[in-house]
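Spelled out, the chains give:
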Amino acid sequence: MAVTLQMARHSSSTKVLEKLMKYKQGSNDGVYWTQEDHSNAKDVEITAYVLMALLETNTDPLFSKKVLKWLTEQRNQHGGFKSTHDTVVGLQAMVKYSQKYNSAEDVNVKVNYTAKNLQGDSLKSGEINVDANNVMILQTEELPKATRAVEIEASGLGNSLLQLNYHYYIVTTENFLHFQIEPKTKILNPDEMLLEICFTYKSKEQASAAATTNMIIMEVNLPSGFTTNDEDSNDLLENEIIQRIEAKNEETTLVVYFEKLTANIRNCLNILANKVQDVIQRKPASITIYDYYNISRHDTVFYSVERDKSPQHQAKLDETLIRIG
C-alpha cells in the first residue's frame, strides 16, 4: 500500500511510511521489516515493498542502501530468494534502486581476487572488470575446492555487486519432520487405484505464530502406468482445506494447494487414479509437501502400489511377460 500511495503522490503516503519506519529491524549493517512468523520469504517481500516506497521519496540514500544490503544478503546462489513471488518483488526493488542511484556509463570497477587454502597458500588469482560495455553481463569465476579464504581488492568508480557462493555438508543427529506424510494404496479393480494420503504439520516452534502455516503445496506423483481421474480431482475441491488443484506431466502428477495447515491436526484425502497400462517392476512414487513462502519447511516420502493378486490381473501380467519373452 505504501508503494501505491507514494507512486500516486497521495497525501497519506508520508504518514504511512513514517508508521512503517517504527517497525524496522536490524542495525547499521542492514535494515529490514518482518512479520515475525519465521518466514524469510515474507520478510523479503515486505522489505522489498518498503524499499520501493522509500525510493519514491527523498529518503537518505545511505538508509536505502542499508535496506538494499539486507535484501542482497538474503539471495541464494542463483540470484533469487526463497520463493517465486518474493524473488519477483525482491528483484523489482533491486532494479528500481539501481535505476535511481546507478549510471551504467559511470561504472568502471576492477576487482582482484586471490583464493587461498587452509595453510594460506595461493590457489588461484584473477581480475574481474566491470564497465559500461559489460555492466549488464553476469561474470562468474569458479574457485578450487580446497579454497578456505578469498582475498578481494576493489578499485575504480561506481557500484557493482560481488557475491560469493559456497556449499558444505554437516553431520546432524536431528532429522526434524515438518510434515508427517502417511500414504496408503489400495487396488479397487484392475483399472483403478485408491491413494489415501494422511498428513500432519509438525510445528517446531512453541509460539502461536507457528501454529499455522503459510500456503502449502502438495505434489503427488502417481506410480508409472497411472493417471489422475478428472472427475475425482474435482470432487476433492469439496474438502474445505483444499484451495485449488491442478494436474501436470500428462496428468501423472497432481498438485494440491492448501491455504494453510494447523499444527498437529491430521488431515486425509483420497485420490482415485486410473491405470492406463501395465508396468513391470514399477518404482516407488513420491509425495512432497512444502510451504510456498518458506521452502525450508518441506518433506518427501515414497510409496509403492499394493500388489494386486486378483486372478484377472495376474493373467494379464503373465500374458505380458510371455509376449516380451
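All of these numbers come straight from a predicted model, not from anything done at the bench. (Residues numbered from 1 in each chain as written. Predicted model: local features only at pLDDT ≥ 70, side-chain atom pairs only at ≥ 80, totals over all residues. Heavy atoms only, no water.)

Our next topic: the environment of Ala154. Inspection of the secondary structure puts Ala154 in strand β5 (residues 149-157). Taking the C-alpha atoms as reference points, Ala154 and Glu127, separated by 27 residues in sequence, lie 9.7 Å from one another. Sequence-distant contacts of Ala154, defined by excluding residues within four places in its chain, comprise Lys110 and Val111. (Helix = DSSP H or I, 4+ residues; strand = E, 2+ residues; numbered from the N terminus. Contact = heavy atoms within 4.5 Å.)

Taken as a whole and judged by the stated rule, the model has nine salt bridges. A salt bridge links Glu73 to Lys69; the nearest nitrogen and oxygen atoms lie 2.5 Å apart. Placement of both Glu73 and Lys69 in helix α4 (residues 61-73) is noted, with a separation of four residues, approximately one turn of the helix. (Salt bridge = Lys/Arg side-chain N within 4 Å of Asp/Glu carboxyl O.)

A separate point is the environment of Gly158. Counting through the fold element by element, Gly158 comes out in the loop between β5 and β6 (179-189). When its relative accessible area of 43% is taken as the criterion, Gly158 is described as partly exposed. When sequence neighbours within four positions are dropped, the list of residues in contact with Gly158 reads Asp106, Val107 and Val109. (Buried < 20%, exposed > 50% of the residue type's maximum accessible area, 1.4 Å probe, protein only.)

Checked against the element boundaries, Asp43 lands in helix α3 (residues 40-54). No salt bridge is formed by the buried Asp43; the nearest opposite charge belongs to Lys42, separated by 8.6 Å. A polar atom in the side chain of Asp43 sits 2.9 Å from the side chain of Thr34. When neighbours within four sequence positions are excluded, Asp43 is seen to be in contact with Trp33, Thr34, Gln35 and Trp70. (Lys, Arg positive; Asp, Glu negative; His and termini not counted. Polar contact = N/O pair within 3.5 Å; in protein donor to acceptor, adjacent residues only side chain to side chain.)

Further remarks concern the pairing of strand β8 (residues 216-221). Consecutive residues of a regular strand have side chains that alternate between opposite faces of the sheet. In terms of strand pairing, β8 meets strand β11 (residues 253-258) through six bridges, oriented antiparallel. In the strand pairing of β11, Ile216 is matched with Phe258. The sheet contact formed by β8 and strand β13 (residues 285-291) spans five bridges and is antiparallel. Its bridge partner lying in β13, Met218 is registered against Ile289. (Pairing = 2+ DSSP bridges.)

Following the criterion strictly, the structure yields four aromatic pairs and no others. When the ring of Tyr32 is compared with that of Trp70, the centres are 4.7 Å apart and the planes differ by 10 degrees; the resulting orientation is stacked. With Tyr32 in strand β2 (residues 31-32) and Trp70 in helix α4, this residue pair connects regions lying 38 residues apart in the sequence. Exposure remark for Tyr32: the relative accessible area of 24% places this residue in the partly exposed category. Considering the side-chain rings of Tyr97 and Tyr101, the 4.9 Å spacing of their centres and the 50 degrees angle between planes classify their relative orientation as tilted. (Phe/Tyr/Trp six-rings, centres within 6.5 Å; stacked < 30°, edge-to-face > 60°.)

The next thing to look at is the state of the cysteines. The full count for this structure, using the stated rule, is one disulfide. Residue pairing for Cys198: its cysteine sulfur links by disulfide to Cys268, the two sulfurs lying 2.0 Å apart. Sign of the S-S torsion, about 110 degrees for the bond between Cys198 and Cys268, identifies this disulfide as right-handed. Of this pair, Cys198 sits in strand β7 (residues 192-201) while Cys268 sits in strand β12 (residues 266-275), and the two are 70 residues apart along the sequence. (Disulfide = S-S within 2.5 Å.)

Relative to the 18 Å expected for 13 residues at 1.5 Å per residue, α4 spans 18 Å between its end C-alpha atoms, a close match to the ideal helical length. Among all positions in α4, only Phe63, Ser64, Val67, Leu68, Trp70, Leu71 and Thr72 are buried. Of the residues flanking the start of α4, the one acting as N-cap is Asp60, its side-chain oxygen 3.1 Å from the backbone nitrogen of Leu62. (Expected span 1.5 Å × (residues − 1).)

Nothing here speaks to function; it is all geometry.
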